[in-house]
Each structure stands twice: as C-alpha cells, then as structure tokens.
Amino acid sequence: MPRQVTFQSQGIKIAGNLYLPKDTQPKKQAAVVVSHPGGGVKEQTSGLYAEKLVELGFIALTFDAAYQGESEGLPRYLEDPNQRVEDIKSAISYLTTLDEVDPERIGALGICASGGYATCAAQTDVRIKAVAGISSADVGELWREGLNGSLSFEDLQKGLQESARQRTREAKGEEPYMTNWVPKTAEDAAALPPRSLFAEAYDYYCTPRAQHPRSTNSYVFRSMDKLVQFSAFDYVHLISPRPVLLIAGTDADTKYFSEKTIEKAKEPKELFLVEGASHVDLYDVLKYVNPIAEKLNQYFTQYLVDC
C-alpha cells in the first residue's frame with residue numbers, strides 16, 4: 001500500500017500517495033512523479049502507472065491536483081493549468097527532501113492533460129531529468145480550438161464571455177457555476193463518434209470501470225479563461241539535452257498533439273506509438289498498459305538509473 005503524504009504547492013496542501021519498492025536499497029533511488037488527467041484523481045490511471053513503476057523498482061509519487069480530490073484549495077474543482085504545473089514542480093521539491101530519493105534522478109510522467117502539464121514543467125524545471133507523456137494533450141489548444149480544430153472562433157468568444165460573467169457573479173457572492181468534463185449520460189456519450197476521446201472518457205470516469213467518488217466529472221466553468229491562455233508545448237525545445245518520450249495510441253484522436261510536439265522537440269526525443277489503441281485505452285487496458293510499462297522501464301532506467 002502507498003504511504004499517504006502531503007506537501008505544499010503555492011500555499012495549498014496537496015495530498016499524495018508515495019509508492020516505495022518492497023526491496024529496500026542501500027543507496028538513494030530514482031523516483032518518478034506521476035500526475036493525473038484533467039478531472040481525474042490519484043487513485044485512477046496515475047495510480048495504476050505508479051504501481052507499475054514501483055514494481056519495476058522505481059519510487060513513484062502520485063497526487064491530487066490543487067482544488068481537486070483530497071487536496072485543498074478553493075473554489076473546489078477549479079482547473080488552473082499554471083497551478084497544475086506548479087503542483088508537479090512542488091512534487092519534485094517534495095521528493096528531493098526524502099532520504100530514499102536521489103535528487104539527481106527524478107523524472108515526471110503525465111497522462112492526458114498532465115502529459116501537457118508535465119512537459120511544460122520540464123521545460124524550465126531542470127530537476128526533471130526525464131519526462132514522459134501518455135495520451136498527451138494541450139488543454140489550452142483544446143479549449144481554444146476544440147479537438148482537431150472543431151471549435152469556431154465565435155463559440156470560443158461566447159465561452160469567454162460566459163466565463164467573464166461567472167467571475168462577476170462570484171465577486172457578488174454567488175457560488176461557482178459548474179460544468180462537466182465528459183458527457184453526463186451514456187446516451188450523450190453514444191451520440192459522439194465511436195472511440196473518440198470524450199465518448200470513451202465517459203465509460204472510464206462514469207461507470208464502474210474507473211469511477212471514483214472524488215472524481216466528480218465537474219469543474220468550475222470560469223476555468224475556461226485560464227485554460228485558453230495556457231500553452232503546454234511552446235518551449236518544449238528547452239528540455240534538451242534532457243529527454244522527452246511521448247506515448248500515443250495509433251487510433252487516438254489526440255495523437256496529433258504528440259506528433260506535433262515531437263517535431264518541435266530537440267534530441268533526445270521519441271514518439272512511441274501503441275498499435276490499435278485509442279486515447280483512453282492507454283489509461284487502463286492492460287494489453288496496452290503492460291507494453292507501455294516496459295517502455296517506461298527502459299526509458300527511465302536509461303535516463304535515471306544508468307546515466
């Protein structure tokens with residue numbers, strides 16, 4: 001069982017799970033921060049990958065983002081990309097304080113939105129010696145343009161206007177207005193293209209497959225203006241000479257994020273494609289997760305252990 005821990009991120013108490021290998025080592029060990037998708041919590045896919053990493057001999061730390069899960073922060077369920085990046089940097093800081101961890105051998109792994117957040121953190125936090133993303137997405141581009149450019153400029157402006165109105169209402173004492181990350185019902189999900197991100201995300205987050213009481217499928221609507229002004233991958237070239245690994249399914253409608261980012265990145269870099277997998281398949285489908293774990297073992301061993 002992981003050790004329950006807490007650390008501070010810009011004055012907010014963050015709740016984490018620290019996974020330590022069963023076999024104690026006489027020397028300090030390599031560690032990886034694993035961060036969850038937007039709308040998720042540490043007990044879901046990030047916890048699964050942390051379990052895989054600890055089985056492979058790495059120390060792993062998962063945590064709930066500020067405003068979410070068991071972490072503190074008000075208003076609840078605010079999605080603040082800059083805070084999410086700081087949470088990852090603060091998790092790195094926490095690991096450097098542990099006797100078991102070698103501070104020169106720390107990596108970061110993010111899934112979905114956190115694939116973008118972790119990559120963004122690594123652009124300027126050189127303590128991250130290797131970064132990897134699974135089904136990575138730039139939430140800024142998603143909220144500005146929609147998936148594959150599906151959002152019109154007019155609809156973007158309408159959303160920003162409503163976000164501004166919600167800020168005004170909160171200033172006058174009203175409760176934050178909440179909206180949903182993924183479809184609310186199976187019928188709404190079925191109306192979307194099969195195997196698309198949001199259709200499959202409903203099945204992951206809103207059914208017994210991965211449903212969790214602290215993953216509520218809700219976020220504060222006015223998060224939109226914070227999301228729209230964020231860009232995850234603009235300075236990915238700054239990570240070099242540290243390595244970047246992006247992992248995506250060949251059938252994922254978000255694969256283009258990984259492809260574009262790898263093109264912009266400098267060496268060492270790698271795009272690892274999982275044949276036949278969709279975006280959400282990589283969250284928990286073991287026939288895809290297990291080879292990804294093998295790849296992560298090779299990658300983090302090369303750059304955190306054998307370096």
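All of the points below concern the structure found in this document.

What counts and what doesn't
In this convention, every chain numbers its residues from 1, walking through the sequence in written order. Reporting in this predicted model follows two pLDDT cut-offs: at least 70 for local features of residues, and 80 or more for side-chain atom pairs to be given and counted; totals over whole chains, interfaces and linings ignore these cut-offs and use all residues. Side-chain numbers here rest on the full set of heavy atoms in the structure, without hydrogens or water. Starting at the N terminus, helices and strands are each numbered in turn, a helix being any DSSP run of H or I of at least four residues and a strand any DSSP run of E of at least two. Both definitions apply: the radius of gyration is a C-alpha atom measure, and the globule rule equals 2.2 Å times residues to the power 0.38. The buried label goes to any residue with under 20% of its type's maximum accessible area, the exposed label to any with over 50%, and the partly exposed label to all in between, with areas taken from a 1.4 Å probe on protein chains only. By definition, residues are in contact when any of their heavy atoms lie within 4.5 Å. Calculation of accessible area relied on Shrake-Rupley with a 1.4 Å probe; when residues are assessed, cover is drawn exclusively from the protein chains displayed. Side-chain rings of Phe, Tyr and Trp, where Trp is taken by its six-membered ring, are said to pair if the distance between their centres is within 6.5 Å; with planes under 30 degrees apart they count as stacked, over 60 as edge-to-face, and otherwise as tilted. A strand pair is defined by DSSP finding two or more bridges across the two strands. Here the axes come from fitting lines to C-alpha atoms, over the contacting stretch only for helices, and the angles between their N-to-C directions go from 0 to 180 degrees. Each angle gets one of four labels, with under 35 degrees taken as roughly parallel, over 145 as roughly antiparallel, 65 to 115 as roughly perpendicular, and the rest as oblique. Crossing handedness is read from the near helix: turned anticlockwise from the far helix by less than a right angle, it gives a left-handed crossing, and turned clockwise, a right-handed one.

Quick look at the overall build of the chain
- Across its full length, the chain holds 11 helices and 10 strands.
- A compact globule built from 307 residues would reach a C-alpha radius of gyration of about 19 Å, and the chain, at 18 Å, matches this within 12%.
- Each of the three principal axes of the chain carries a C-alpha extent, and together these read 55 × 40 × 40 Å.
- Per-residue burial for the chain yields a buried fraction of 58% across its 307 residues.
- Relative to all contacts within the chain whose residues are 6 or more apart in sequence, the contacts with residues 24 or more apart total 75%.
- Per element, the accessible surface of the chain, about 13200 Å² overall, is 50% carbon and sulfur.

So, the packing of aromatic side chains
- If you walk through the whole model with that rule in mind, you get 14 aromatic pairs.
- Seen in terms of ring centroids, Trp 181 and Tyr 219 are 4.7 Å apart; in terms of plane orientation they differ by 45°. Their pairing is tilted. Taken together, the residues Trp 181 in the loop between β7 (178-179) and α6 (186-190) and Tyr 219 in strand β8 (residues 219-220) connect sequence positions 38 residues apart.
- By relative accessible area, which is 8% here, Tyr 219 ends up buried.

Focus on the side chain of Thr 45
- Assignment of secondary structure puts Thr 45 in helix α1 (residues 45-55).
- The exposure class assigned to Thr 45 is buried, which follows from its relative accessible area of 1%.
- In contact with Thr 45, not counting residues within four places along its chain, are Pro 37, Ile 111, Tyr 204 and Tyr 283.

So, the pairing of strand β9 (residues 244-249)
- Of all the 6 residues making up β9, 6 are buried; the element is thus mostly covered by neighbouring parts of the structure.
- The side-chain alternation of β9 yields two buried faces, one formed by Val 244, Leu 246 and Ala 248 and the other by Leu 245, Ile 247 and Gly 249.
- Note: strand β6 (residues 128-134) against β9, 4 bridges, orientation parallel. Bridged to Gly 133 within β9 is Leu 246.

Observations regarding the environment of Ala 232
- Residue position: Ala 232 is located in the loop between α8 (223-228) and β9.
- When its relative accessible area of 0% is taken as the criterion, Ala 232 is described as buried.
- Through-space distance from the C-alpha of Ala 232 to that of Gly 140 is 7.1 Å; in sequence the pair is 92 residues apart.
- Contacts of Ala 232, omitting those with residues within four sequence positions, involve Gly 116, Cys 120, Gln 123 and Asp 138.

Regarding the packing of helix α2 (residues 81-96) against helix α3 (residues 113-124)
- Interhelical geometry of α2 versus α3 gives an angle of 65° and a closest axis separation of 9 Å. As summarised for this structure, α2 and α3 are arranged roughly perpendicular, according to the angle between their axes. Helix-helix and strand crossings are classified by hand; for α2 and α3 the assignment is right-handed. Residue-level inspection shows Pro 81, Arg 84, Val 85, Ile 88 and Lys 89 of α2 in contact with α3, the latter providing Ser 114, Tyr 117, Ala 118, Cys 120, Ala 121 and Thr 124.

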